[in-house]
Every structure is written in structure tokens, then in C-alpha cells.
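The lines below spell out each chain.
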Amino acid sequence: MKKLTTKLSVLFILIFFLIFSGCGKKTGTMSNGKINLLSLIPENASGIFLVNLEKITKLENFNEIVNKIDKEEKKPSLKPFKNYRDFIEKTGIDPKKDLYSIALGLYGEIGKKNSDIALVINLNYNEDKILDLFKKENKNYYEEKFKKYVIYKFLDEKNREICFSFINNGIIGFGPVARVKQIIDLFESNGKSILTDEKKKPYLNNFNPESVLSFVFEFPEKAKKSEAQQGSPFKMDFSKAEILCGEVDFEENIWSGKIKLVSHDEEANKQIVNMLNGIKGMGAIAGPEIAEILNEINLSSSADNIELTFSIPNELLKKVQKKAEEKVKQFTTSEKSGENSNL
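Below is a summary of the structure that appears in this document. Keep in mind the model is a prediction, meaning the values are calculated, not measured.

What counts as what
Residues numbered from 1 in each chain as written. Predicted model: local features only at pLDDT ≥ 70, side-chain atom pairs only at ≥ 80, totals over all residues. Heavy atoms only, no water. Helix = DSSP H or I, 4+ residues; strand = E, 2+ residues; numbered from the N terminus. Contact = heavy atoms within 4.5 Å. Salt bridge = Lys/Arg side-chain N within 4 Å of Asp/Glu carboxyl O. Buried < 20%, exposed > 50% of the residue type's maximum accessible area, 1.4 Å probe, protein only. Pairing = 2+ DSSP bridges. Axes fitted to C-alpha atoms, helices over the stretch in contact; angles between N-to-C directions.

Quick look at the side chain of Ser 263 now. Topologically, Ser 263 is positioned in strand 12 (residues 254–263). When near neighbours in sequence (up to four residues on either side) are disregarded, Ser 263 contacts Lys 240, Ala 241, Asn 269, Ala 303, Asp 304 and Asn 305.

Opposite charge on two side chains makes pairing possible when the charged atoms of those side chains draw close. In the structure shown here, the tally under the stated rule is 14 salt bridges. Here Glu 251 and Lys 55 are joined by a salt bridge, their closest N and O atoms 2.7 Å apart. With Glu 251 in strand 11 (residues 241–251) and Lys 55 in helix 2 (residues 53–56), this residue pair connects regions lying 196 residues apart in the sequence. Look at Glu 251 and you get partly exposed, because its relative accessible area is 46%. A salt bridge links Lys 181 to Glu 144; the shortest N-O distance between them is 2.7 Å. Residue Lys 181 is found in helix 7 (residues 177–187), and its partner Glu 144 is found in strand 6 (residues 142–146); the two are separated by 37 residues along the sequence.

Attention shifts here to helix 7. For helix 7, the set of buried residues is Val 177, Arg 179, Val 180, Ile 183, Ile 184 and Leu 186. Of the surrounding secondary structure, the elements contacted by the buried residues of helix 7 are strand 4 (99–107), strand 5 (116–123), strand 6, strand 7 (149–155), strand 8 (161–168) and strand 9 (171–175). Count one or two residues on from helix 7 and you reach Ser 189, which has phi positive near 65°.

Turning to its location among the elements, Ser 165 is positioned in strand 8. The exposure class of Ser 165 is buried, given its relative accessible area of 0%. Ignoring any residue separated from it by four or fewer positions in sequence, one finds Ser 165 in contact with Tyr 149, Val 150, Ile 151, Ile 171, Ile 172, Gly 173, Val 180 and Ile 184.

The next point concerns the environment of Ser 300. As for its placement among the helices and strands, Ser 300 is situated in strand 13 (residues 297–301). Taking the C-alpha atoms as reference, Ser 300 lies 8.0 Å from Lys 270; in sequence the two are 30 residues apart. Beyond its immediate chain neighbours, meaning those up to four positions away, Ser 300 contacts Val 273, Asn 305, Ile 306 and Glu 307.

The next point concerns the sheet that holds strand 7. Across the sheet, which stays open at both edges, the twelve strands sit in the order 6-7-8-9-5-4-3-10-11-12-14-13 with antiparallel pairing between neighbours. Each edge of the sheet is formed by a strand with only one pairing partner; in this case those strands are strand 6 and strand 13. Adjacent strand axes in the sheet meet at a mean angle of 15°, parallel and antiparallel pairs treated alike. Relative to strand 11, strand 10 (residues 213–218) is paired through six bridges, and the arrangement is antiparallel. The partner of Val 216 across the bridge, within strand 11, is Cys 245. Sheet strands in contact with helix 6 (residues 127–137) are strand 6, strand 7, strand 8 and strand 9, and its direction is about 165° off that of strand 8. Set on the sheet, helix 10 (residues 266–283) makes contact with strand 12, strand 13 and strand 14 (305–313); between it and strand 13 the angle comes to about 160°.

In C-alpha cells:
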């Protein structure tokens, strides 16, 4: 989990800039001088994610991943930058101190042609440096004036038009033109944000901005159908599932979190938890470390939901990661030995 989360953090940190080169509990907009990013995500999103970048960049192995990227011979992760320092100089952004949070709204079904996003980034940035880099790496772009804001439009790798706009000195909006215009309207207190969604509002109001990750999304209609589980030996009834929400946090060297599936079917919920506990039992045979991790994962059900909670010491995750790396190394070594013996 640690390795995955920190890699995702680097992705979030770099994705906004690499696209250029590749083509709360308060519901108001302002709270104690800080912007609640959820108030800038337009209504009707099927999924919402809130990521605490400030906390992620302080994770133990964030520097390790940054250093690894910095040493890559072909620099695929940092293109068009020479190294991490070059990234800071060209963008004016030091991820270790200038990134605060990201809110992401998903619209439509993931993977479908009609799906899109609204992305809002809260960071400390230098507009001149970002524009200089953007214009250097994107020769074919267009500018559109919307109210007092400039929207910078360009085509992504799939030839779809996307754009970004500097909303204020700490906020950048990104997505299709229509979504960015909605973000701007919301910043000016016009339109409806996701916080007006009565179905998701109770979960959004419980988002903890101090957590590493918080999320809520509608359970996909496709996943509710039994056909989605064809070929699987573990059949689970998700026909009444409505909402999946949760959070992940890191405090005092422990990863903790809660994931809840809202489903008003007591019998089906019991069956799913029993089956998942059975899978946990089978997973324990993978080794004592895996068994120890699985013991830190608890499942429960009620008439209205299924809840998974976990609290896993970071040192335990390190042990599992080390074991996995050793097995991969052994497997790679044995494969090479087999190839040499066939020569």
C-alpha cells in the first residue's frame, strides 16, 4: 500500500505538467481562508476523490521514489525535464513544499467515450513559468477568454480537446472546456457543486481533509449484474449496492482506513462478508507476513452496508515489500539461469 500510494502521489504531482508535454467538512467555498476544493467540483459527478498531496509528499519513501525517477536513464517519468531539480526550475514548483491537495470529479462511466473529469489542484505556483513551459511543449494550442479568465485549450493523446485555467494564485482547474467553465463559475459562487448532491452529501460532509485519500462514488451499474462475475468462483450479490466510500490515512507510522459499501440487503451483505472472510483465510497461506496483514483487516455487515476497516503498521508493510522483492529477484535469476542453460 505504501509503495502504491507514493507512486500515485508522484503521478498526481507530475500528471498536470506531463500532459502539457504529452500532447472537508465545511460546505462553503472558503473556510478559514482556505478553499474547499469540493465546492469547485461541478454537480452530477459519479465519483469524487480528494487527495492530500501535502501529506503524501511527507511520506517516508517519497524521496526514494523521487530519487529513483531522477536516476532513470531515459527519464520517461520526467520528460521533458533533465531531472527533478530541472523540473523545479522550469515549473517553479517544488512538490515537497508547494503542493497542497487535489479534488477530482468523474463524470459518466469510467472507460466510456462520454466520460470526462473535472480536476482542481491547490498549489503554490508561478504562472509565468508554467505558461512558458506549456507554450514551449505545445505548439498547437488555443486561448479562449471566459469572463476575466483565460482558458488554454489543447488536444490530448486521444485527440480530445482539454484545457486548463488559472483560477486564482493557488488554484488551477483542468478538464474539458465545459467542465473548466463550470469550475470558474463555482469559484464565483455561480452554479451547483457536488456538495449539493443530496445522495452523496452525507458522505462528502464526512470527508476528512487531513486524510491521505477520501473518496465516494456510485457503484457501477455494470458491476451490479451477475454477468460481471462470469467465470469467477466467488459469486457475490451486488444488485442492491449504491455507494462505495472510504478514506485512507497515515499517522504514527500506521496505515489505517475504512471502506464502506452502502447496500440495503442484509442477507446479501452477510453472505459477501462471509465469503470475503473465507478468501482472507485462504490468503493467509501465502506466508506469515501476509497472514499478519490480513488479521489487521476487519469486515462487518449490517442491514444497510458492508464495512471494511484496517490498521496496518508500516514496518509490517516493509517486511512484505522486502519479501516480494526477494521473490521477484529469485524468479528473475532462475529464469536467466534457465535461458543460459539452453544456450
